[in-house]
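Report on the structure
So the chains spell out like this:
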Amino acid sequence: SLVSDLKNYCNKLTVICDRRLHKVLRRSFGPFVSTVDNDQFLLTGKKFAHDPNYSDFQIPMASVCKFLRPDLQSFQSTQHGYFVACTKEAIKWAPIVRDDKSRVIGVSWKSLNPMIGKKKSVDPVELLTSLNGDNVKFLNLQYGNTDAEQAIFCDKNINCQTLYELDAHNDLEAMLAVISLCD
């Protein structure tokens, strides 16, 4: 949502990001956003950041929050989706993800970040139990190996479909398409 809000402050925005986000950002925000790969920036960062022909100002995205999200009320206008899924990807995944009978709830429950991951994680059985209801289909969106959790789900009679052909960590285009198909 910060990217959308920055349209009010500049004519063009260059986002330095992981290469997996390039297509998503360009599709979602159009010609307003251009992207530079993290790796390219690390190699040429000082030149890039201080080249007056390339940019007038720079700021880390997290620091933009200080200006555009200074209080809880400033988050109220950001409750809409802003990443646009690739239509072809969504069409490809729809027969696997959707059915006519169920509400599809995508779930992920843990962060693998070694420093703060435990604080951002939740017990998967508690999560799925709290969301369960009639005509609910859970879809495993968790990246990494989830075999242990799947075994626990099976023991507890919790059905959580894993899309083994989905690379949830590296294929953000497919991941975004699958998320767009969830209710």
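This text goes with the structure placed above it.
Below you will find a few notes about this structure. Values in this document were obtained by computation on a predicted structure and should not be read as measured data.

In this section: the side chain of serine 28. Within the fold, serine 28 resides in helix 2 (residues 22-29). Here the side chain of serine 28 touches valine 84 through a polar contact of 2.7 Å, landing on its backbone nitrogen.

Once that is clear, we can look at helix 2. Taken together, the buried positions of helix 2 are occupied by His22, Val24, Leu25, Ser28 and Phe29. Contacts made by the buried residues of helix 2 are with helix 1 (2-6), strand 1 (13-17), strand 2 (33-37) and helix 8 (172-180). Two residues or fewer after helix 2 comes glycine 30, characterised by a positive phi angle close to 65 degrees.

Strand order in the open sheet made by the 3 strands is 3-4-5, with parallel pairing throughout. Either end of the sheet is taken by a strand with one partner, and the two such strands are strand 3 (103-107) and strand 5 (160-162). For this sheet, the mean angle separating the axes of adjacent strands, direction not counted, is 35 degrees. Note that strand 3 and strand 4 (residues 136-140) share 5 bridges and pair parallel. Bridging from a neighbouring strand, isoleucine 105 pairs with phenylalanine 138 of strand 4. Lying on the sheet, helix 6 (residues 124-131) is in contact with strand 3, strand 4 and strand 5; it crosses strand 3 at an angle near 160 degrees.

With that settled, the discussion passes to the pattern of salt bridges. Going through the model one piece at a time under the given rule, you end up with 6 salt bridges. In this structure, arginine 27 and glutamate 173 form a salt bridge, with 2.7 Å as the shortest nitrogen-oxygen distance. Within this pair, whereas arginine 27 is found in helix 2, its partner glutamate 173 is found in helix 8, the two being separated by 146 residues in sequence. Among the residues examined, arginine 27 registers a relative accessible area of 30% and is labelled partly exposed.

Within the secondary structure layout, isoleucine 96 lies in helix 5 (residues 87-97). For isoleucine 96, a relative accessible area of 34% puts it in the partly exposed group. As for isoleucine 96 and aspartate 167, which are separated by 71 residues in sequence, their C-alpha atoms are 15 Å apart. Not counting residues within four places of it along the chain, the set of residues in contact with isoleucine 96 comprises Lys137, Gln161, Leu163 and Glu165.

The rules behind each value
- Residues numbered from 1 in each chain as written.
- Predicted model: local features only at pLDDT ≥ 70, side-chain atom pairs only at ≥ 80, totals over all residues.
- Heavy atoms only, no water.
- Helix = DSSP H or I, 4+ residues; strand = E, 2+ residues; numbered from the N terminus.
- Polar contact = N/O pair within 3.5 Å; in protein donor to acceptor, adjacent residues only side chain to side chain.
- Buried < 20%, exposed > 50% of the residue type's maximum accessible area, 1.4 Å probe, protein only.
- Contact = heavy atoms within 4.5 Å.
- Pairing = 2+ DSSP bridges.
- Axes fitted to C-alpha atoms, helices over the stretch in contact; angles between N-to-C directions.
- Salt bridge = Lys/Arg side-chain N within 4 Å of Asp/Glu carboxyl O.

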